[in-house]
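In case you want the letters, here they are:
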Amino acid sequence: MIILGVETSCDETSAAILEQNEQGIQILSNIIASSAPLQSKFGGIIPEQAAREQIKSIIPVINETLKEAHLRPEDVDAIAVTEGPGLIGSLLVGVETMKVLAETWQKPLIPVNHLIGHYYANWINNKSNQPQFPCVGLLVSGGHSDLVLFKDHSQFEYLGGTRDDAAGECFDKCARLLGLSYPGGPQISKLAIIGDPKSYNLPRPLNDSRDFDFSFSGLKTAVATLITKQDLYLSDQQVLANLCASIEQAIIDSLIKKTVAAIQNCHVEQLIIAGGVAANKKLTEEFAEALEQLPQKIKLFVPPSNLCTDNGAMIASAAFYLKPVKNALDTQANPNLSLAY
Ligand code: KG4
Ligand code: ZN
């Protein structure tokens, strides 16, 4: 089974071709064009501009991915596309383009929830290394921080999520306060390497609440207050690095606390992490250490960093476990899709 997956929910335009066989799921090609360098000039994403770039790049990206996989459209068994959530202009570019291709190539169309797609980056592997159910899934991206209990494919229970900003959003907003460019997560984590995470005492909201929710907006406010009240000299590399390390640590601590609680509460033996923030090395190292401390053995799955951030491969991967729509033309972009129903 060969699926072409397309992702255009934010500032990336990505198309990938994946094959599922007895061995598992493997990538034949995965092309990603990003307008992030352009967006970084403005300190964040301008939705109109992102969509305009995607209109220009979607067909070349699809052609490139077919070329790299040495395949023709007739070799593809189905087409998968992100239906939401995301920026409406960006989603429309992907959904409308793939509806037309599904009709003209006469292929089944499989709409994929972007958030589910992120988790399925963990299934791009040999069968023996794919997650097993039940497992807890933590999604940490620019727009979402969600904990779910997966019981089977397409069968999950929502456990909790952020009440305000997402973990990636918090990285990005703090980075902006520090004068760093977008996207802020990778920049903060790079500077944090030489910083002391204990330098500044930043809040870990909801740490003791008996739920599986997160809250990150107070962290951003605490950083803003700290910079002004203490008149921090951010041009000093060490001051900046110490603050970055403290921010990173506060986010990691909150994520680990609630995720470990969810694992224990649900009595699972596997944890899958996904989303752009999962590309953070310190986060995955600290998760591995925290799981080591638990009485039961927990297997941790994290995708390679290029499959943590938005990509078409994760959309194709999820599509192997979903059904096509009856009529491709009925598919609609839905910017408000969520996991919490
Ligand atoms: O999953 P993603 O590519 O897009 C969304 O679906 O939102 O996630 C992007 C987010 C951004 O907020 C970015 O700052 C964050 O992931 N990110 C990181 C790292 N790499 C990307 N955050 C922390 N450390 C990183 N290394
Ligand atoms: Zn994403």
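Residues numbered from 1 in each chain as written. Chains lettered and ligands numbered in written order. Predicted model: local features only at pLDDT ≥ 70, side-chain atom pairs only at ≥ 80, totals over all residues. Heavy atoms only, no water.

Asker: Please provide a residue-by-residue account of the pattern of salt bridges, values included.
Answerer: Across all of its chains, the model carries 16 salt bridges by this definition. Put simply, lysine 56 and glutamate 53 hold a salt bridge, and the shortest N to O gap is 3.2 Å. With lysine 56 and glutamate 53 both in helix 2 (residues 47-68) and three residues apart, this pair spans about one turn of that helix. Classification of lysine 56 by relative accessible area gives exposed; the value is 55%. Residue glutamate 96 is joined to lysine 99 by a salt bridge in which the shortest nitrogen-to-oxygen separation is 3.2 Å. Residue glutamate 96 and its partner lysine 99 are located together in helix 3 (residues 88-105), separated by three residues, close to a single helical turn. Owing to a relative accessible area of 6%, lysine 99 belongs among the buried residues under this scheme. Counted as one network, the salt bridges with shared partners bring together Arg163, Asp211, Asp213 and Lys258. (Salt bridge = Lys/Arg side-chain N within 4 Å of Asp/Glu carboxyl O. Helix = DSSP H or I, 4+ residues; strand = E, 2+ residues; numbered from the N terminus. Buried < 20%, exposed > 50% of the residue type's maximum accessible area, 1.4 Å probe, protein only.)

Asker: Lay out the environment of leucine 18 in plain terms, naming residues and giving numbers.
Answerer: Following the sequence through the fold, leucine 18 ends up in strand 2 (residues 12-21). It is 27 Å that separates the C-alpha atoms of leucine 18 and proline 186, two residues lying 168 residues apart in sequence. Apart from residues lying up to four places away in sequence, leucine 18 is in contact with Met1, Ile2, Ile3, Ile25, Gln26, Ile27, Leu28, Ile124, Ala313, Ala316, Ser317 and Phe320. (Contact = heavy atoms within 4.5 Å.)

Asker: Go over the sheet that holds strand 9 (residues 270-274), please, and point to the residues and values.
Answerer: Read across the sheet, five strands follow the order 8-7-6-9-10 without closing on themselves; strand pairing throughout is mixed. The sheet is open, and its two edges are formed by strand 8 (155-161) and strand 10 (299-301), each paired on a single side. The mean inter-strand angle of the sheet, taken between neighbouring strand axes irrespective of direction, is 20 degrees. Sheet analysis places strand 7 (residues 145-152) next to strand 8, joined by six bridges and oriented antiparallel. Bridge pairing in strand 8 places leucine 147 opposite glycine 160. (Pairing = 2+ DSSP bridges. Axes fitted to C-alpha atoms, helices over the stretch in contact; angles between N-to-C directions.)

Asker: So what about the packing of aromatic side chains? Which residues, and what values?
Answerer: In the structure shown here, the tally under the stated rule is seven aromatic pairs. Ring geometry for tyrosine 120 and tyrosine 321: centres 5.4 Å apart, planes at 40 degrees, overall tilted. In this pair, tyrosine 120 is assigned in helix 4 (residues 114-120) and tyrosine 321 in the segment after helix 11 (312-319), connecting sequence segments 201 residues apart. Classification of tyrosine 120 as buried rests on a relative accessible area of 2%. (Phe/Tyr/Trp six-rings, centres within 6.5 Å; stacked < 30°, edge-to-face > 60°.)

Asker: Describe the coordination of the zinc ion (ligand 2), listing the residues and the values that go with them.
Answerer: Reference geometry at the metal: tetrahedral coordination by four donors gives ideal angles of 109.5 degrees; octahedral coordination by six donors gives 90 or 180 degrees. Note on the zinc ion (ligand 2): its protein donors are His114 (NE2), His118 (NE2) and Asp310 (OD). The metal-donor distances range over 2.0 to 2.1 Å. Classification of the site at the zinc ion (ligand 2) as tetrahedral follows from its four donor atoms and the range of 96 to 132 degrees in their angles at the metal. Sequence positions of the donors to the zinc ion (ligand 2) reduce to the motif H-x3-H-x191-D. With histidine 114 in helix 4 and aspartate 310 in the loop between helix 10 (305-308) and helix 11, this pair connects stretches of sequence that are 196 residues apart. We note that histidine 114, like aspartate 310, is buried. (Donors = N, O, S within 2.8 Å, 3.2 Å for Na, K, Ca; no water. Tetrahedral: all angles 85-135°; square planar, octahedral: opposite > 155°, others 65-115°.)

Asker: Quick one: what's the story with the pairing of strand 5 (residues 109-113), residue by residue and with numbers?
Answerer: Summarising burial for strand 5: five of the five residues are buried, a large majority. Covered by surrounding structure in strand 5 are Leu109, Pro111 and Asn113 together with Ile110 and Val112, the residues of both alternating faces. Strand direction decides the pairing type here: strand 4 (residues 78-84) and strand 5, joined by five bridges, are parallel. Residue valine 81 lies in a different strand from strand 5, and its bridge partner there is proline 111. In terms of handedness, the path from strand 4 via helix 3 over to strand 5 forms a crossover that is right-handed. (Right-handed = clockwise from strand over helix to strand, strands pointing away.)

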